Structures are given as structure tokens and as C-alpha cells.
Amino acid sequence: QVQLVESGGGLVQPGGSLRLSCASSRNIFDFNSMGWYRQAPGKQRELVATINVGGVTNYADSVKGRFTISRDNAVNTVALQMNALKPEDTAIYYCNARILRTNNWGPGTQVTVSS
């Protein structure tokens, strides 16, 4: 019963930047963790970055140093700043919110990195 809506996706050239945003229908303090995952066509969904209630972050090795996850508790939003984008970053990016063992997902936003 949690609604998550992603925004900010689009087409960007290699080396460019995008900022994704995930708006939650409920207070993000209710979530044990939130994060971003991505899935390319024909590939498995993979973790990009997470942040838990203590503010501890986790990043996939492929995005460390380029992506930054953050949260704004006042407006129930989690963001993903993506810099130095590469073609292999092309995927649908999904927002995730976890309460105990229950995962909630947004519908996704497309990110395409191409020259």
C-alpha cells in the first residue's frame, strides 16, 4: 500500500549527469531502508544504492564514486545523483522501500546514456 513514483530519467550523453527522485506516499521514517535498483533489457535487476534508517549507504562497485544516494525526510523523497554516466548505466531505474521483509517498488524511470 506504499506508492513510490520515480522521476528524472531521460537521455544523456556519456559523461553527463542526471538526478533521479523518488517520492513516497508515506513517511520515509517508516522504511527500514530505501534504495535504487536498475534493470537493463534481458538482464537481472541489480542493486545500485541503498540507504538505511541510520543513514548508512551502500553502493554497487560499478557506481562507487559516481553516484550518490540521499534522502530528504521532510518531503519523503530519496534521490540518486548520477555523474560521469556511461552507456552501461542504461536501464530502467526503480525506487525501492523496505519495511521489515516487505519490499515496495515504483514503476521505474528510463535512463538512456548514448552519444
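One structure accompanies this document, and this report is about it. Note that this is a predicted model, so its numbers are computed, not measured.

Helix and strand counts for the protein chain come out as zero helices and eleven strands. When its helices and strands are written in sequence order, the protein chain yields β-β-β-β-β-β-β-β-β-β-β. Relative to its 115 residues, the protein chain shows a buried fraction of 40%. Within the protein chain, residue pairs in contact and separated by at least 24 positions form 53% of the contacts whose partners lie at least 6 positions apart.

Bringing the sheet that holds strand β3 (residues 18-24) into the picture now. Strand order across the open sheet formed by four strands is β1-β3-β8-β7, with antiparallel pairing between neighbours. Among the strands making up the open sheet, the edge pair consists of β1 (4-7) and β7 (67-72). When strand polarity is set aside, the average angle formed by the axes of neighbouring strands in this sheet is 15°. For β7 and strand β8 (residues 77-82), the ladder comprises six bridges, and the chain directions are antiparallel.

Take the packing of aromatic side chains next. What the rule picks out here adds up to one aromatic pair. Note that Arg45 overlies the ring of Trp105, its terminal NZ or CZ placed 3.7 Å from the centroid.

What follows covers the state of the cysteines. Applying the stated criterion across every chain yields a total of one disulfide. Here Cys22 connects covalently by a disulfide to Cys95, the sulfurs 2.0 Å from one another. Its S-S torsion of approximately -80° makes the covalent link between Cys22 and Cys95 left-handed. Placement of the pair is Cys22 in strand β3 and Cys95 in strand β9 (residues 91-99), with a sequence separation of 73 residues. Taking relative accessible area as the criterion, Cys22 reaches 0% and is therefore assigned buried.

Each value, and the rule that gives it
Residues numbered from 1 in each chain as written. Predicted model: local features only at pLDDT ≥ 70, side-chain atom pairs only at ≥ 80, totals over all residues. Heavy atoms only, no water. Helix = DSSP H or I, 4+ residues; strand = E, 2+ residues; numbered from the N terminus. Buried < 20%, exposed > 50% of the residue type's maximum accessible area, 1.4 Å probe, protein only. Contact = heavy atoms within 4.5 Å. Pairing = 2+ DSSP bridges. Axes fitted to C-alpha atoms, helices over the stretch in contact; angles between N-to-C directions. Phe/Tyr/Trp six-rings, centres within 6.5 Å; stacked < 30°, edge-to-face > 60°. Lys NZ or Arg CZ within 6 Å of the ring centre and 35° of its normal. Disulfide = S-S within 2.5 Å.

Function-wise, these values are silent; they only describe arrangement.
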